[in-house]
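In case you want the letters, here they are:
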Amino acid sequence: MNCYDVIIVGGGLAGLTAAIDLSQKSYSILVIEKKKYPHHKVCGEYVSNEVLPYMNSLGVSFAGIQTKSIKTLLLSSSKGKSVQTELPLGGLGISRFAFDHLLYKRALEMGVDFRFDRALAIDYQEDVFEVRTEKDEKFSGHLVIGAYGKRSVLDKNLKRAFIYNKSSWLGVKAHYKNDDFPDDLVALHNFNGGYGGLSKTETGAINFCYLASYKSFQKEKSIENFNTNVIAQNPFLREFLQKSKPIFKEPLTIAQVSFYRKTAVEDHILMCGDTAGLIHPLCGNGMAMAIKSAQIFSEIFLEAFQTNDFERDKLEEKYRNKWESEFGERLKTGRLIQRILLNPYASKIGFTMARALPSLVPKIIKKTHGTKSL
Ligand SMILES: Cc1cc2nc3c(=O)[nH]c(=O)nc-3n(C[C@H](O)[C@H](O)[C@H](O)COP(=O)(O)OP(=O)(O)OC[C@H]3O[C@@H](n4cnc5c(N)ncnc54)[C@H](O)[C@@H]3O)c2cc1C
């Protein structure tokens, strides 16, 4: 059986980016992805500009896509108190349908192999990995990157600690038509038990994506009721829902969105993107972190192989440390902001302070983001 240099399980932003980077240096790469491209995903679809220099270096060009240039952030409390500020770095409005597809096409150009199948098990024995899929195919590789996102059957098989904690968050996303929504705005609106982001994508559609606690959602029993009875209590969201036309037949949903701590290396598998840790979506930085973690992995991998200094334990230790130093603080700040926003009293104080001193907001945002450098 052919043994790949690297097998990447999951072809989202982290997996595809790592595949492109490593294939540029002529390593043999297989991506195992369960869904064919292009496909929609539950995501706020605001990506920080910090990814641009690295995307450029990988030959990923947004030139043919009408991405929106987002510069302004509007925040509102569940009662409609609001504050508006410039974003320190700004970002792009692009759907995951387009973004993941763009990276997939670039990976194909670079000679990356793809298998569209669900990976069910990853076994490590005698310094080689074997990945088994649902169609009962087996692939072997010297290294495996776990880039399969927030939650998977693989986490159960690996007995990862976070999987035993029930998560109480639900993600919902749909595109809408609304000609009044500005191109350069990302809005983050709170409601009782959650928050939702609004921003424009390359098609001109507005993406409305929200995270809600089961506790608040369960009472309403359907998305329609939840929109009317909970989300529309926020005056900004009420106006948006009244004036906008849904484009999707049904919203997309994901259950059990987990923010529990994870580990960056498990059973010798190097975890990238959400598989290693998910930042609270209100920070608008999960996509950039997924891409950055692929970059970190690629740098450490190349350093080890190009200098003929490969020792598995050393590489794993380096990756673990680099991951923590790059993302540890961002995740902590994200948790703190989420706690404040979802607590009615703390959030009231937070909004009063932000309205009195709007320059505070970009400073806090900076703590949850990286920098725009390679
Ligand atoms: C509600 C919500 C809103 C968000 N909004 C934003 C935002 O506005 N901006 C931002 O930057 N971030 C946002 N995020 C975070 C962002 O979506 C993620 O951080 C990002 O998608 C992580 O990319 P990834 O490649 O790690 O995972 P994913 O993009 O989830 O990719 C994982 C891939 O693995 C595949 N897969 C899973 N299991 C298997 C398997 N067993 N075998 C084969 N393939 C498999 C999946 O099909 C998928 O394609 C949001 C998240 C949520 C929940």
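Heads up: the structure comes first, above all this text.
Quick caveat, the model's predicted, so the values are computed rather than measured.

### Topic: the nonpolar core
Here comes step 1: If you look at the biggest cluster of nonpolar residues, it comprises 96 residues, and the most contacted ones within it are Phe99 and Tyr319.
Here comes step 2: Ranked by the residues each element gives to this core, the list is headed by helix α8 (residues 286–306), at 12 residues.
Here comes step 3: Apart from the residues within four sequence positions on either side, Phe99 is in contact with Leu13, Val47, Met55, Phe62, Ile94, Met287 and Ile291.
Here comes step 4: Counting residues in hydrophobic clusters, the runner-up holds 21 residues, among them Ala174, Tyr176, Leu185 and Val230.

### A few points about the packing of helix α1 (residues 13–24) against helix α3 (residues 96–109)
Here comes step 1: Where α1 contacts α3, the two axes come as close as 9 Å, and the packing angle between them is 20°. Regarding the angle of α1 to α3, the classification is roughly parallel. Once α1 is placed against α3, the crossing between them reads as left-handed. The residues of α3 that touch α1, namely those facing Leu13, Leu16, Thr17, Ile20 and Gln24, are Arg96, Phe99, Asp100, Leu103, Tyr104, Arg106 and Ala107.
Here comes step 2: Residue composition of the contact of α1 with α3, by class: 7 nonpolar, 2 polar and 3 charged.

### Examining the site of the ligand
Here comes step 1: In the vicinity of the ligand there are 33 residues, among which Glu33, Gly44, Tyr46, Arg96 and Asp274 approach most closely.
Here comes step 2: In this structure, a nitrogen atom belonging to the ligand sits 2.7 Å away from a main-chain N or O atom of Gly44.
Here comes step 3: Separating an oxygen atom of the ligand from a backbone N or O atom of Met287 is a distance of 2.8 Å.
Here comes step 4: Here the ligand, which alone exposes 1000 Å², has 95% of that area covered by the protein.

### Re the layout of surface pockets
A water-sized probe rolled over the atoms picks out the places where empty space is left.
Here comes step 1: Of the volumes computed, that of the second largest pocket is approximately 460 Å³.
Here comes step 2: Lining the second largest pocket we find 19 residues, and of these Ser77, Ser78, Lys79, Pro344 and Ser347 sit closest to its centre.
Here comes step 3: Elements that contribute at least two residues to the lining of the second largest pocket include exactly β11 (185–191), α9 (312–342) and α10 (344–356).
Here comes step 4: With 5 residues, the top contributor of residues to the lining of the second largest pocket is α10.

### A closer look at α9
Here comes step 1: For α9, spanning 31 residues, the distance from its first C-alpha to its last is 42 Å, which sits close to the expected 45 Å at 1.5 Å a residue.
Here comes step 2: The largest bend along α9 reaches roughly 45° and is located at Phe327.

### Some words on the packing of aromatic side chains
Here comes step 1: Applying the stated criterion to the full structure yields 24 aromatic pairs.
Here comes step 2: When the ring of Tyr104 is compared with that of Phe114, the centres are 4.8 Å apart and the planes differ by 85°; the resulting orientation is edge-to-face. With Tyr104 in helix α3 and Phe114 in strand β6 (residues 113–116), the pair connects residues that are 10 residues apart, well separated along the chain.
Here comes step 3: On the basis of relative accessibility, which here comes to 13%, the residue Phe114 falls in the buried class.
Here comes step 4: A connected cluster of aromatic rings, assembled from ring pairs, spans Tyr176, Phe181, Phe191, Phe208, Tyr210, Phe217, Phe226 and Phe240.
Here comes step 5: The ring of Phe162 has Lys262 sitting right over it, with the charged end atom 4.5 Å from the ring centre.

### Describing empty space enclosed by the protein
Here comes step 1: Under the defined criterion, the tally for this structure stands at 1 cavity of 30 Å³ or more.
Here comes step 2: When its volume is computed, the largest cavity comes out at roughly 40 Å³.
Here comes step 3: Looking at the largest cavity, the residues that line it are Gly273, Asp274, Gly277, Leu278, Ile279, Gly286, Met289, Ala290, Ser293, Trp323 and Phe327.
Here comes step 4: For the lining of the largest cavity, the elements supplying multiple residues, two or more each, are α8 and α9.
Here comes step 5: Take the lining of the largest cavity: its biggest share by element is 4 residues, from α8.
Here comes step 6: Tallied by class, residues from the lining of the largest cavity come to 6 nonpolar, 4 polar and 1 charged.

### Here we look at the pairing of strand β8 (residues 128–133)
Here comes step 1: Of the two faces of β8, the one lined by Phe129, Val131 and Thr133 is fully buried and the one lined by Val128, Glu130 and Arg132 carries no buried residue.
Here comes step 2: With 6 bridges joining them, strand β7 (residues 119–125) and β8 adopt antiparallel strand pairing. Its bridge partner being in β8, Gln125 is matched across the sheet by Val128.
Here comes step 3: Between the antiparallel neighbours β7 and β8 lie 2 residues, among them Glu126 with a positive phi of about 50°.
Here comes step 4: Judged from the 4 bridges that link them, β8 and strand β9 (residues 138–146) form a sheet pairing that is antiparallel. Counted as the bridge partner of Phe129 is Gly141 from β9.
Here comes step 5: The turn joining β8 and β9, which pair antiparallel and follow one another in sequence, is formed by 4 residues; a positive phi near 60° is taken by Asp136.

Cut-offs applied
Residue numbers run consecutively from 1 along every chain, following the written order of its sequence. Owing to the predicted nature of the model, reporting of local features is limited to residues with pLDDT of at least 70; listing and counting of side-chain atom pairs is limited to 80 or more, with chain, interface and lining totals taken over all residues. The side-chain values count all of the structure's non-hydrogen atoms but skip hydrogen atoms and water molecules. What is meant by a nonpolar core is a set of buried Ala, Val, Leu, Ile, Met, Phe, Trp, Tyr and Cys residues, joined one to another through side-chain atoms within 4.5 Å. Burial classification: accessible surface area is computed with a 1.4 Å probe over protein chains only, and a residue below 20% of its type maximum counts as buried, one above 50% as exposed, and the rest as partly exposed. Note on conventions: DSSP H or I runs of at least 4 residues are helices, E runs of at least 2 residues are strands, and numbering of each starts at the N terminus. The contact criterion used throughout is that any non-hydrogen atoms of two residues lie within 4.5 Å. Axes, fitted as lines to C-alpha atoms, cover a helix only where it is in contact. Angles between the N-to-C directions of the axes lie from 0 to 180 degrees. The labels follow the angle: roughly parallel below 35 degrees, roughly antiparallel above 145, roughly perpendicular from 65 to 115, and oblique for the rest. By definition, any crossing whose near helix is turned counterclockwise from its far helix by less than a right angle is left-handed, and any crossing with a clockwise turn is right-handed. When residue character is reported, Ala, Val, Leu, Ile, Met, Phe, Trp, Tyr, Cys and Pro are called nonpolar, Asp, Glu, Lys and Arg charged, and the others, Gly included, polar. Consider each residue's heavy atoms; a residue with any of them within 4 Å of a molecule or strand counts as near. For the purposes of these results, a polar contact is taken to be a pair of N or O atoms within 3.5 Å, where, inside protein, one atom must be able to donate a hydrogen and its partner to accept one; residues adjacent in sequence count only when each atom of the pair is a side-chain atom. Values of accessible area rely on a 1.4 Å probe in the Shrake-Rupley scheme; residue burial ignores everything except the protein chains shown. Here the term cavity refers to a set of points on a 1 Å grid, laid over the protein atoms alone, in which a 1.4 Å probe fits but cannot get out; the term pocket refers to an open set having protein on both sides within 12 Å along at least five of seven lines, with lining residues being those that place an atom within 4 Å of a point. Grid points are joined across faces, edges and corners, and a volume is the space filled by probe spheres set on the points. The span one expects for a helix is its residue count, reduced by one, times 1.5 Å. Throughout, bend refers to the angle between the axes fitted to the seven residues that end at a position and the seven residues that start at it. Under the pairing criterion, centres of Phe, Tyr and Trp rings, with the six-membered ring standing for Trp, must be within 6.5 Å; the plane angle then separates stacked pairs below 30 degrees from edge-to-face pairs above 60, leaving the rest tilted. Should the NZ of a Lys or the CZ of an Arg lie within 6 Å of a ring centre and within 35 degrees of the ring normal, that charge is described as sitting over the ring. A pair of strands is labelled paired if DSSP reports no fewer than 2 bridges between them.

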